[in-house]
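Close look at the chain arrangement
Take a look at the letters that make up each chain.
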Amino acid sequence: MSIRIEHEPADSPAAQALLEAYFADRAMTFVGGPYRPKPADPSTLRAPDGAFLVARAEDGAAIGCGALRRLGPARFEVKHLYVAPAGRGRGTGAALLRALEEEAVRLGADEVVLDTNRSLEAANGLYASRGYEAIEPYNDNPNATSWFRKPVG
């Protein structure tokens, strides 16, 4: 299966549908108390301070998304990395993460950080396989149990 990764506004219909699915999925599988959605402000997810990417299947169907936002001059955060069931097991998550890292470098990053929850086993495995290292919390996200960092550039 061929996957296309495209920039798309975070408030586009396809992006919003993916984010709604992401938050619904997180609410159903969350470990550690009630899940509290924390959507990023769409205005922070566009250049020069961020990006929103959508993965599309060969037929054009939106099968995943991921966002990037600037936290500092050379530090960016990966947000809302999600792969819909139709895109799972096909390398979609890895392709999105790689594209987000490349976009971060293009925007001036020398490191990328992210937070996640231990219940997201596939995501945690992906981050470990891509060279992310565990760090101390860099934010107060009540949904997060793990924080990671990767040098890029």
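What this report covers is the structure whose coordinates are included nearby. (Residues numbered from 1 in each chain as written. Predicted model: local features only at pLDDT ≥ 70, side-chain atom pairs only at ≥ 80, totals over all residues. Heavy atoms only, no water.)

1. Section: the environment of Ala40
Keep this limit in mind: Each helix is a run of H or I in the DSSP string that is no shorter than four residues. Each strand is a run of E no shorter than two, and both are numbered from the N terminus. Note on contacts: a residue pair is in contact if any heavy atoms of the two residues lie within 4.5 Å.
Its location among the elements puts Ala40 in the loop between α1 (13-29) and β2 (50-56). Placed 29 residues apart in sequence, Ala40 and Arg69 show a C-alpha to C-alpha distance of 8.6 Å. Setting aside anything within four residues of it in sequence, one finds Ala40 in contact with Leu45, Arg69 and His80.

2. Considering the sheet that holds strand β3 (residues 62-72)
The line we're drawing: Strands qualify as paired when DSSP identifies two bridges or more between them.
The seven strands lie next to each other as β1-β2-β3-β4-β5-β7-β6, forming an open sheet whose pairing is mixed. Unpaired on one side and paired on the other, β1 (4-7) and β6 (133-134) mark the two borders of the sheet. By the bridge criterion, four bridges tie β1 to β2 in an arrangement that is antiparallel. Along β2, the bridge assignment pairs Glu6 with Val54.

3. Structural notes on the environment of Arg90
Put simply, the test is: For this analysis, a polar contact is any N or O atom pair within 3.5 Å, provided that within protein one partner can donate a hydrogen and the other can accept it, and provided that sequence-adjacent residues contribute only side-chain to side-chain pairs.
Locating Arg90 in the fold gives a position in the loop between β4 (75-83) and α2 (92-106). Residues Arg90 and Ser129, spaced 39 residues apart in sequence, show a C-alpha to C-alpha distance of 16 Å. Within the structure, Arg90 has its side chain in polar contact with the backbone oxygen of Ala86 (distance 3.5 Å).

4. Regarding the pattern of salt bridges
Defined as follows: Salt bridges are defined by distance alone: a side-chain nitrogen of Lys or Arg within 4 Å of a carboxyl oxygen of Asp or Glu. Burial classification: accessible surface area is computed with a 1.4 Å probe over protein chains only, and a residue below 20% of its type maximum counts as buried, one above 50% as exposed, and the rest as partly exposed.
Tallied over the full model, the rule gives twelve salt bridges. Notably, a salt bridge pairs Asp49 with Arg70, separated by 2.8 Å at the nearest N-O pair. In this pair, Asp49 is assigned in the loop between α1 and β2 and Arg70 in strand β3, connecting sequence segments 21 residues apart. Among the residues examined, Asp49 registers a relative accessible area of 36% and is labelled partly exposed. For Arg70, a relative accessible area of 26% gives the class partly exposed.

5. Structural notes on α1
Put simply, the rule reads: In a helix, the anticipated span is given by 1.5 Å times the number of residues less one. An arc is given here, and it is the one of the directions from the helix axis to the C-beta atoms.
Under the 1.5 Å per step criterion, the end-to-end length of α1 is 24 Å for 17 residues, consistent within 8% with the ideal 24 Å. Every buried residue of α1 is accounted for by Ala14, Ala15, Leu18, Leu19, Tyr22, Phe23 and Arg26. Buried residues of α1, seen end-on, are gathered within an arc of 160 degrees and therefore sit on one face of the element. The exposed residues of α1 that point more than 90 degrees off its buried face are Pro13, Glu20 and Met28. Close packing links the buried residues of α1 with β2, β3 and β4.

6. Here's the deal with the nonpolar core
Put simply, the rule is: The nonpolar core is taken to be a set of buried Ala, Val, Leu, Ile, Met, Phe, Trp, Tyr and Cys residues, with the residues joined through side-chain atoms within 4.5 Å.
Grouped together as the largest cluster of nonpolar side chains are 25 residues, with contacts concentrated most on Leu68, Val78, Leu81, Leu97, Tyr127 and Tyr132. Of all elements in the fold, only β2, β3, β4, α2, β5 (111-116) and α3 (121-129) reach the threshold of two or more residues within this core. Apart from the residues lying within four places of it in its own chain, the contact partners of Leu68 are Thr44, Leu45, Asp49, Gly50, Ala51, Phe76, Glu77, Val78, Leu100, Glu103, Ala104 and Leu107. Residues Ala15, Phe23, Tyr35 and Phe52 belong to the second largest nonpolar core, which totals 16 residues.

7. Points about the environment of Phe23
Here Phe23 shows up in helix α1. Phe23 sits 17 residues away from Glu6 along the chain, and the two C-alpha atoms are 21 Å apart. Residue contacts for Phe23: discarding those within four places in its chain leaves Tyr35, Pro37, Lys38, Pro39 and His80.

8. Points about unusual backbone geometry
The omega torsion across Ala47 and Pro48 is 10 degrees, close enough to zero to call that bond cis. Inspection of the secondary structure puts Pro48 in the loop between α1 and β2. The phi dihedral of His80 is positive, around 55 degrees, even though this residue is not glycine. For His80, a relative accessible area of 6% gives the class buried.

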